[in-house]
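Per-entry structural report
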Amino acid sequence: MTEATRHGIPVQQGSARPGARTFLASLLALLVAACSAPTDPWSATWTDPYAGFDEAGRARLVEARALLDGGQRVEALDALRVLAADDPENLEVACSLQDVEIDLLRDGVRVFGPSESAQPFEPDEVLRREYARRNEESQTVFTLVLAARAETDVLAAEALLEKARELDPVCAWVHYGLAHVLLEKRTQKDRWGLARESLDRAIELEPGHLRARRLEAWMLAEQGSRDAAERSLRRWIDEVSDDPRVARSWLVEAKLDLALLMLLRGEDERAQRVLEDLEGEAIGRARRWMLLTVARQESGDVLGALDATLRAQGASAGTVLPIVQEALLLELFLDRPSLAQARWDEVARLVEDTTSIGELVQGLRARVRVERDAAQRAAATEATSK
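Below is a short write-up of the structure. These figures come from a predicted structure and were not determined experimentally.

**Looking at the pattern of salt bridges**
In total, this model carries 27 salt bridges according to the counting rule given. Close ionic contact of Asp257 with Arg214 constitutes a salt bridge, the shortest N to O distance being 2.9 Å. Pair noted here: Asp257 is in helix H13 (residues 248–264) and Arg214 is in helix H11 (residues 210–222), with a separation of 43 residues, a long-range link. By relative accessible area, Asp257 is classed as buried at 0%. The exposure class assigned to Arg214 is buried, which follows from its relative accessible area of 1%. Ionic pairing is found between Glu230 and Arg270, a salt bridge with its closest N-O pair at 2.9 Å. Remark: Arg270 occurs in helix H14 (residues 268–276) and Glu230 occurs in helix H12 (residues 226–240); sequence separation between them is 40 residues. Judged by relative accessible area, which is 7%, Glu230 ranks as buried. A single salt-bridge network, built from bridges that share partners, covers Glu125, Arg128, Arg129 and Glu151.

**Focus: the packing of H12 against H13**
Put simply, H12 and H13 touch, their axes get as near as 10 Å, and they point 155° apart. Comparing the axis directions of H12 and H13 gives the class roughly antiparallel. When you trace H12 past H13, the crossing you get is left-handed. Here Ala229, Glu230, Leu233, Arg234, Trp236, Ile237 and Val240 of H12 lie close against H13, whose contacting residues are Trp250, Leu251, Ala254, Lys255, Asp257, Leu258, Leu261 and Met262. Of the residues belonging to the contact of H12 with H13, the class tally is 11 nonpolar, no polar and four charged.

**Points about helix H10 (residues 191–205)**
Because each turn of an α-helix spans 3.6 residues, side chains separated by three or four positions in sequence point in the same direction. Under the 1.5 Å per step criterion, the end-to-end length of H10 is 21 Å for 15 residues, consistent within 8% with the ideal 21 Å. All of the buried residues along H10 are Arg191, Ala195, Arg196, Ser198, Leu199, Ala202 and Ile203. For H10, the angular spread of buried residues about the axis comes to 165°, placing them on one side. Pointing more than 90 degrees away from the buried face of H10 are the exposed residues Glu197 and Glu204.

**Regarding the environment of Leu215**
Along the chain, Leu215 falls in helix H11. On the basis of relative accessible area, Leu215 is assigned to the buried category, the value being 2%. In this structure, the C-alpha to C-alpha distance between Leu215 and His180, residues 35 residues apart in sequence, is 8.7 Å. The residues touching Leu215, leaving out its near neighbours within four places in the chain, are Tyr176, Ala179, His180, Leu183 and Leu199.

**Describing helix H3 (residues 73–86)**
The end-to-end C-alpha separation of H3 is 20 Å, in line with the 20 Å expected for 14 residues at 1.5 Å each. Taken together, the buried positions of H3 are Ala76, Leu77, Leu80, Leu83 and Ala84. When H3 is viewed along its axis, its buried side chains cluster within an angular range of 130° and face the same direction. Exposed and facing more than 90 degrees away from the buried side of H3 are Ala85 and Asp86. Close packing links the buried residues of H3 with helix H2 (55–69) and helix H4 (91–106).

**Comments concerning the side chain of Arg149**
When you line up the elements, Arg149 lands in helix H7 (residues 141–150). Judged by its relative accessible area of 0%, Arg149 is buried. Looking at Arg149, its side chain comes within polar contact range of the side chain of Gln98, at 2.8 Å.

**Side note on the packing of H4 against H7**
Orientation of H4 relative to H7, taken along the N-to-C sense of each, is 30°, at an axis distance of 11 Å. Taken as axis vectors, H4 and H7 run roughly parallel relative to one another. Between H4 and H7 lies a crossing of right-handed hand. Here H4 contributes Leu91, Ala94, Cys95, Gln98 and Asp99 to the contact with H7, which in turn contributes Phe142, Val145, Leu146, Arg149 and Ala150.

**Concerning the packing of aromatic side chains**
Think of a pair of aromatic rings as described by two things: how far the centres are apart, and how the planes are tilted against each other in angle. Considering all chains together, one arrives at four aromatic pairs under this definition. Summarising the aromatic geometry, the rings of Trp192 and Trp218 are spaced 5.7 Å apart at their centres and angled 20° between planes, so their arrangement reads as stacked. One end of the pair, Trp192, is in helix H10; the other, Trp218, is in helix H11, and 26 residues separate them in sequence. In this structure Trp218 comes out as buried when scored by relative accessible area, which is 11%. Here the aromatic rings of Trp236 and Trp250 are separated by 6.3 Å at their centres, their planes lie at 45°, and the arrangement is tilted. Of this pair, Trp236 sits in helix H12 while Trp250 sits in helix H13; the two residues are 14 residues apart in sequence, bridging distant segments of the chain. Summarising the burial analysis for this pair, Trp236 and Trp250 share the class buried. One residue, Arg134, lies across the ring of Tyr131, its end atom 4.5 Å from the ring centre.

Rules of the game
Residues numbered from 1 in each chain as written. Predicted model: local features only at pLDDT ≥ 70, side-chain atom pairs only at ≥ 80, totals over all residues. Heavy atoms only, no water. Salt bridge = Lys/Arg side-chain N within 4 Å of Asp/Glu carboxyl O. Helix = DSSP H or I, 4+ residues; strand = E, 2+ residues; numbered from the N terminus. Buried < 20%, exposed > 50% of the residue type's maximum accessible area, 1.4 Å probe, protein only. Axes fitted to C-alpha atoms, helices over the stretch in contact; angles between N-to-C directions. Parallel < 35°, antiparallel > 145°, perpendicular 65-115°, else oblique. Left-handed = near helix turned anticlockwise from the far one by under 90°. Contact = heavy atoms within 4.5 Å. Nonpolar A, V, L, I, M, F, W, Y, C, P; charged D, E, K, R; others polar. Expected span 1.5 Å × (residues − 1). Arc of directions from axis to C-beta. Polar contact = N/O pair within 3.5 Å; in protein donor to acceptor, adjacent residues only side chain to side chain. Phe/Tyr/Trp six-rings, centres within 6.5 Å; stacked < 30°, edge-to-face > 60°. Lys NZ or Arg CZ within 6 Å of the ring centre and 35° of its normal.

In structure tokens:
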């Protein structure tokens, strides 16, 4: 859903969204999906053997997270490095640190010293080489997981995680990472089933593993378990609302995903309430306004829908937003449904090969409209034939 994925274990990275296109495509299948799986109760804990925190450590993590959420990345980098030095085998701290490192590297900031600038590598390769070097110097479960997380090749990441599993078969982080690797192996037979087995094992070992629980919600949605996906996502949001292990961007994007699920279920007013609760939030602003456009239109708030569309256009200039606006005008004010339908079809076509979150949301808007119209026509045809 709302994770930017590096091979092995996902990297928190602003509001980027890995597999966003596949996720939205699969969520559209929820309109006709009937299956639903139960989700077990769980609570976030601080006692993971590879990510435990005492009260002092939690307080310092809160400070580092405040710096990150406030945009002070360099200061947060320093704070996390101090925390990592005090707890050198803590994977939660190390992963947060790695997130900041790749974020800064991609913005041209040197984070690993003078030797880094001497090599003309891309940011992702700089990170990969650094963590590969550390793993070669002293190979442990900790170094293997981080090297896999920084790896740019899925097979290499899998090999690193398999080594980590040999060293410690009951490390939840290893099984969580393997779930991601298996999902990325497009040619792997039954990759979804195998990934789910790895994820289930991670959750069995550490029920309160927040990253694993986030992946669980994503996989449920991908596999068409509409009700279970919403319950899982709601539970996750409730658990992490004030948790310093979770970036503000993760929480906001999760709420947007929840609104998306509600829209696809036809629960427009509930989705609208979730979206309006995010009023003033800078993260995901364009996506929020477009989702709000859908919610307001479907609940009958015509002017509110148009206002949301205009705000989305201002928040994120994109090639499809003007077409979306035109479709709304044709549909809502000019009573030209056939022309509006043509514009929605055009939006859906334009975003087929895009990876832009803004355009993916526009495509969702079009496809929701198309699917609902198709359902209405089918219902009318069935009623006539009786």
